[in-house]
Amino acid sequence: MKKRKMNLKRTEFKHAMLFISPWIFGVIVFTLYPILSSLYYSFCEYKVVQDPIFVGLQNYKDLFADKTFLKALYNTGYMILIGVPITTFTAIWVSILLNNKKLKYTGVFRIMFFIPTLIPTVVACLLWVWMLQPDSGIINRLLGAFGISGPGWISSVTWSKPAFILIMIWTCGNAIIIYLAGLQDISDSLYEAAALDGAGFFRQTISITIPLLKSTILYNVVTLIIGVFQWFAEPYIITSGGPDNSTMFYALYLYQNAFQFFKMGYASAMAWVLLIIAMAIILVLFKVFKFNEVDS
Amino acid sequence: MNSTNQKVSRKRRISPSEILFKVIMYGILVAIAVCFLIPFMFLFLGSFKGESELFRVPFKWLPDRFSFDNYVKMFQTIPFFTYLRNTLIIVGFNIAGSLISCSLAAYGFARLHWTGRDKVFMIVIVTMILPYQVTLVPLFLLFNKLGWIGTFLPLIVPCFFGNPFFIFLLRQFFVGVPDEITYAARVDGASEFRIYLSILMPMAKPALATVAIFAFIRSWNDFIGPLVFLSGDELYTLSLAASMLKSPLNPNWALLLTLGSLMVLPVLILFFILQKYFIQGIAMSGVKG
C-alpha cells in the first residue's frame, strides 16, 4: 500500500514535470540564462563585433561617474517619489468614488477610466506630443481659456517631468480596476458599524478602507514602480530624453547604450544596478506594508 | 439589523447635504472622465481634418467637413496592409503560444500534487516582477547568434514557453475547480493529459479568453520588442511604423492620427465586445497577487 502510494506520487511528479516542461525550458533559456550572462557581460567590454573582454568592475565605476546615468537615476527616482504617489492617490480616490453604492452609472465611468490603458503606447505618445505643444497644444489652450498661461511642458526642463506624470495618471485604469476589486472584498457591515458610531465618509475611508486595502495598494505600487523602471516608449517617442536630459529615464539610457552606442557590457551593468535597486525597493515596501505572504 | 430599521435609516439619509455630496461626487467623476477621454476625441476627429486645420487658432473640435482624404493618403504613402499582416502574424502566434504553454504549466501547478510545487511556483511570481531590461541585452545577443534578428522569431518563439502572468491567471482558475469533477475521470483511468484537454480546458474558456485578450493587447501594442529585434521596413509592425512616421523635424500629424485611429479601433471594438473578460482578468491579477 505504502509502495503504491510512493509510485503514485512518483508518476504524478513525472506528469507534472511534463506539463510544466515548456515553462521550465522558457525560464532557463529566456530568463535565467539571460540574467546570469548579463551579470558576466557587466564585467566585460562587449561591442558585439568583438568577443567580450573582461574588465572587472570598470563598467560599474564608469556608471557612477557618468553624468547622464546619474541624471537618469535621478529622473527615475523623481518619478517614483513624486509620480507614483500622485498616481496611486488619484487611482485610490477615483475607485473609492466609483465604489460608492449611492452613485449610479459607475460601470460607465469605470470603462472611461480604463480605455486609455488600451490604446497602443506609440499612439498614446504621439497624441501627448501633440496635446502638449506649448503654443498650439490643447492642454495649454484649455489652461488659456481659464486665464492661465501654460508652461512649455515637454520643451521645458522644469515641466517635462510633470508632463510625464500626467501621462502616468492617464494610464492608471488598470490600477483602478484592481482597487475596485479590492474594495468590493471589504464587507459592508464594517461601514455600517462605523456609520452607527458616527464616523463620516472621510473617517471611514481612513480607518477602514485604506488599512484593508493594504495588500492591493502594495501590489499596485510595486507594479507602478516596475513600470517606471521599464518606461521606454514614452520618453523615446515623446522627448528622446530631452530637453537637457530632463526626461532621460533609466530604460531609455539603457537602450541607448545597448542599441545606439553598442556598449553591451555597460548596458548589462546598468541592467544589474536596476535589478538590485528594484529588488531593494520591493523588499523595503514589503517590510513597510508588513505583508509577507505573496500567495497562500 | 432588521428591514424596518434599514428603511428608516435610509430615508433619513436623503437630506440637502446628501444631495450636495452626490452633486460634488458626480462633478468630480465627470471632470476626470472628460480629461481621460479628450485625447480620443482628438484622435478620431483629427483623422478627418486637414493638416492646416489641425493647428488652427482658435481651435475647433469638429472638422469643417468630414473628409476621408487622410485615410486615402495613408494607404497610398505607407504599405499599411504589409504592416497589418506583420502585426497579425506576431499577434496570432502570441495568442496561440500563450494559450498552449501557459495552460499546460498552470495545470501542472494547480491540479497535480508534487513536492516543492509551491516553491517552484514562487519562481513564477518572482519572474512576474522582473524588469525586462535585465534580460533584453543577452536575449538580443542570443537571438543574434541564432541569426534570428530581422525575423519574427524573437517575438514569437518565447511565448511558446510560458508567460508568468498568464500562468498565474490560469492557475488561479484551475485551483478553483473542485476535485470531484476530475475524480470520476481519474478512476476511469483517463490520463492526466486527457483530463486537462477534455475536462479542464473546456471549463476554463472564460480564463482562456482573458489570456487571449491580454496576449492580443500586449503584442498589438508592443513597441520595444519590434524596435530591438526587427530590422527592415518590410517586417515593421503597425506600432513601429507609427513611430517612424514621427520624424522630429516635420511630423506628419494628419497621417499619424489616421494610422493611430486605425490602430485603436480594433482594440476598442474587442474591449466593448469582451469587456467582462478584461475586467475579470485584471481584477483577478490584483486580488491575490
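Just so it is clear, the model here is predicted, and its values are computed rather than measured. (Residues numbered from 1 in each chain as written. Chains lettered and ligands numbered in written order. Predicted model: local features only at pLDDT ≥ 70, side-chain atom pairs only at ≥ 80, totals over all residues. Heavy atoms only, no water.)

S.K.: Looking at this structure, how should I read the overall build of chain A?
M.R.: The helix and strand tally for chain A stands at 14 helices and 2 strands. Overall, chain A is about 80 × 70 × 30 Å in size when its C-alpha atoms are taken along their principal axes. Expressed as a percentage of the 296 residues in chain A, the buried residues total 52%. Contacts in chain A between residues far apart in sequence, at least 24 positions, make up 65% of those at least 6 positions apart. For chain A, the exposed area adds up to about 14000 Å²; of that, 66% sits on carbon and sulfur atoms. Each charge class in chain A was averaged separately, 22 positive and 14 negative side chains, and the resulting centres sit 9 Å apart. (Helix = DSSP H or I, 4+ residues; strand = E, 2+ residues; numbered from the N terminus. Buried < 20%, exposed > 50% of the residue type's maximum accessible area, 1.4 Å probe, protein only. Contact = heavy atoms within 4.5 Å. Areas by Shrake-Rupley, 256 points an atom, 1.4 Å probe, with all protein chains shown as cover. Lys, Arg positive; Asp, Glu negative; His and termini not counted. Charge placed at Lys NZ, Arg CZ, Asp CG, Glu CD.)

S.K.: How should the overall build of chain B be read in this particular structure?
M.R.: Each helix and strand counted, chain B has 15 helices and 0 strands in total. Within chain B, the fraction of its 289 residues that count as buried is 52%. When contacts within chain B are restricted to residue pairs at least 6 apart in sequence, those whose partners lie at least 24 apart make up 72%. Accessible area for chain B stands at about 13800 Å²; split by element, carbon and sulfur atoms hold 67% of it.

S.K.: Would you mind showing me how to read the confidence of the model for chain A here?
M.R.: Low-pLDDT stretches of the model should not have their predicted coordinates read in fine detail. Mean pLDDT over chain A works out to 87, with 96% of the residues at or above the 70 mark. pLDDT under 50 marks residues 292–296 of chain A. Its contacts with residues more than four places away, or in other chains, come to 9 contacts. (pLDDT = per-residue confidence, 0-100.)

S.K.: What exactly am I supposed to notice about empty space enclosed by the protein here?
M.R.: Once rolled over the atoms, a probe with the size of a water molecule shows which space is left empty. What the rule picks out here adds up to 2 cavities of 30 Å³ or more. Estimates place the volume of the second largest cavity at around 30 Å³. Lining the second largest cavity, in full, are Val 123, Leu 126 and Leu 127 of chain A together with Leu 43, Leu 256, Leu 257 and Gly 260 of chain B. Among the secondary structure elements, those contributing two or more residues to the lining of the second largest cavity are α5 (121–131) of chain A together with α15 (253–287) of chain B. (1 Å grid on protein atoms, 1.4 Å probe; cavity = no way out; pocket = protein on both sides within 12 Å on 5 of 7 lines; lining within 4 Å. Points joined across faces, edges and corners; volume = space filled by probe spheres on them.)

S.K.: Got a minute to help me understand the domain arrangement of chain A in this structure?
M.R.: Note on interface size: it is often stated as the accessible area lost on association of the parts. Residue and element names in this part refer to chain A. Segmentation of chain A into domains returns domain 1 (2–41) and domain 2 (60–288). On a C-alpha basis, the centroid separation for the pair domain 1 and domain 2 is 36 Å. Taken residue by residue, the interface counts 4 residues in domain 1 and 4 residues in domain 2. Three residues, Ser 38, Leu 39 and Tyr 41, lead the burial of domain 1 against domain 2; their summed loss comes to 81% of the area buried on that side. Scanning the region where domain 1 abuts domain 2 turns up 0 salt bridges. Summed over the shared surface of domain 1 and domain 2, the result is 2 residue pairs in polar contact (both at pLDDT 80 or more). (Domains from an automatic or database assignment. Buried area = accessible area lost by both parts, 1.4 Å probe. Salt bridge = Lys/Arg side-chain N within 4 Å of Asp/Glu carboxyl O. Polar contact = N/O pair within 3.5 Å; in protein donor to acceptor, adjacent residues only side chain to side chain.)

S.K.: What is the right way to read the domain arrangement of chain B from this model?
M.R.: Residues and elements named next belong to chain B. Here chain B is described as being made up of domain 1 (3–71) and domain 2 (77–287). If you look at the interface, domain 1 gives 11 residues, while domain 2 gives 13 residues. Of the roughly 960 Å² buried at the junction of domain 1 and domain 2 (both faces included), carbon and sulfur atoms supply 76%. Joining domain 1 to domain 2, the criterion identifies 0 salt bridges. Element by element, the count of residues in the side of domain 1 that touches domain 2 is highest for helix α2 (residues 16–46), at 4 residues. In terms of residue class, the side of domain 1 that touches domain 2 is built from 6 nonpolar, 3 polar and 2 charged. (Nonpolar A, V, L, I, M, F, W, Y, C, P; charged D, E, K, R; others polar.)

S.K.: How should I be thinking about the pattern of salt bridges in this particular structure?
M.R.: Oppositely charged side chains can form a pair if their charged atoms are brought close together. Residue and element names in this part refer to chain B. As enumerated under the stated definition, the model contains 4 salt bridges over all chains in all. Between Asp 118 and Arg 117 there is a salt bridge, and its shortest N-O distance comes to 3.5 Å. Arg 117 sits in the buried class, given a relative accessible area of 16%. Arg 186 is paired through a salt bridge with Glu 192; the nearest N and O atoms lie 3.1 Å apart.

S.K.: Quick question: what am I supposed to make of the packing of aromatic side chains here?
M.R.: The description of an aromatic ring pair rests on the distance of the ring centres and on the angle between the ring planes. Residue and element names in this part refer to chain A. Scanning the model with the defined rule gives 54 aromatic pairs over all chains in all. Here Trp 128 and Trp 170 contribute two aromatic rings whose centre-to-centre distance is 5.6 Å and whose plane-to-plane angle is 75°, an arrangement assigned as edge-to-face. Here the residue Trp 128 occupies a position in helix α5, and Trp 170 occupies one in helix α7 (residues 160–170), the gap between them amounting to 42 residues. The class of Trp 170 is buried, set by a relative accessible area of 3%. (Phe/Tyr/Trp six-rings, centres within 6.5 Å; stacked < 30°, edge-to-face > 60°.)

S.K.: What am I meant to see in the interface of chain A and chain B here?
M.R.: In this complex, chain A contributes 90 residues to the contact, which on the side of chain B involves 100 residues. Considering only the side of chain A, the residues that lose the most area to chain B are Phe 19, Trp 23 and Trp 130 of chain A, jointly responsible for 11% of the buried surface there. There are 0 salt bridges connecting chain A and chain B. In this structure, the connection of chain A to chain B is made through 4 residue pairs in polar contact (both at pLDDT 80 or more).

S.K.: Honestly, the side chain of Ser 95 of chain A in this entry has me stumped. Any pointers?
M.R.: Checked against the element boundaries, Ser 95 of chain A lands in helix α3 (residues 67–98). Once you skip the residues sitting within four places of it in the chain, Ser 95 of chain A turns out to touch Ile 176, Tyr 179, Leu 180 and Leu 183 of chain A.

S.K.: What exactly am I supposed to notice about the state of the cysteines here?
M.R.: One way to say it: the disulfide is the covalent bond shared by the sulfur atoms of two cysteines. Following the criterion strictly, the structure yields 0 disulfides over all chains and no others. Not part of a disulfide, Cys 35 of chain B finds its nearest cysteine sulfur in Cys 172 of chain A, a span of 12 Å. Among the cysteines around Cys 102 of chain B, which has no disulfide bond, Cys 159 of chain B carries the closest sulfur, lying 8.7 Å off. For Cys 102 of chain B, a relative accessible area of 0% gives the class buried. (Disulfide = S-S within 2.5 Å.)

S.K.: What is the right way to look at the packing of α3 of chain A against α7 of chain A in this model?
M.R.: The relative placement of two packed helices is expressed as an angle between their axes plus a distance between the axes. Residue and element names in this part refer to chain A. Look at α3 against α7: their axes get within 9 Å of each other, and the N-to-C directions meet at 40°. Put simply, α3 runs oblique to α7. As α3 packs across α7, the resulting crossing turns out to be right-handed. From α3, Tyr 74, Asn 75, Tyr 78, Met 79, Ile 82, Gly 83, Val 84, Ile 86, Thr 87 and Thr 90 reach across to α7, where they touch Lys 161, Pro 162, Phe 164, Ile 165, Met 168 and Ile 169. Classifying every residue of the contact of α3 with α7 by side-chain character gives 11 nonpolar, 4 polar and 1 charged. (Axes fitted to C-alpha atoms, helices over the stretch in contact; angles between N-to-C directions. Parallel < 35°, antiparallel > 145°, perpendicular 65-115°, else oblique. Left-handed = near helix turned anticlockwise from the far one by under 90°.)

S.K.: Would you mind showing me how to read the side chain of Thr 87 of chain A here?
M.R.: All names here are of chain A. Counting through the fold element by element, Thr 87 comes out in helix α3. With relative accessibility at 1%, the residue Thr 87 sits in the buried group. If sequence neighbours within four positions are ignored, Thr 87 has contacts with Met 168, Ile 169, Cys 172 and Leu 224.

S.K.: Honestly, helix α13 (residues 250–260) of chain A in this entry has me stumped. Any pointers?
M.R.: Across the 11 residues that make up α13 of chain A, a large majority, 10, are buried. All of the buried residues along α13 of chain A are Tyr 250, Ala 251, Leu 252, Tyr 253, Leu 254, Tyr 255, Gln 256, Asn 257, Ala 258 and Phe 259 of chain A. The inward-facing, buried residues of α13 of chain A contact α3, α11 (214–229), α12 (233–238) and α14 (264–288) of chain A together with α7 (133–145) and α13 (224–229) of chain B. In the segment just after α13 of chain A, Phe 262 of chain A is the residue with positive phi, at about 55°.

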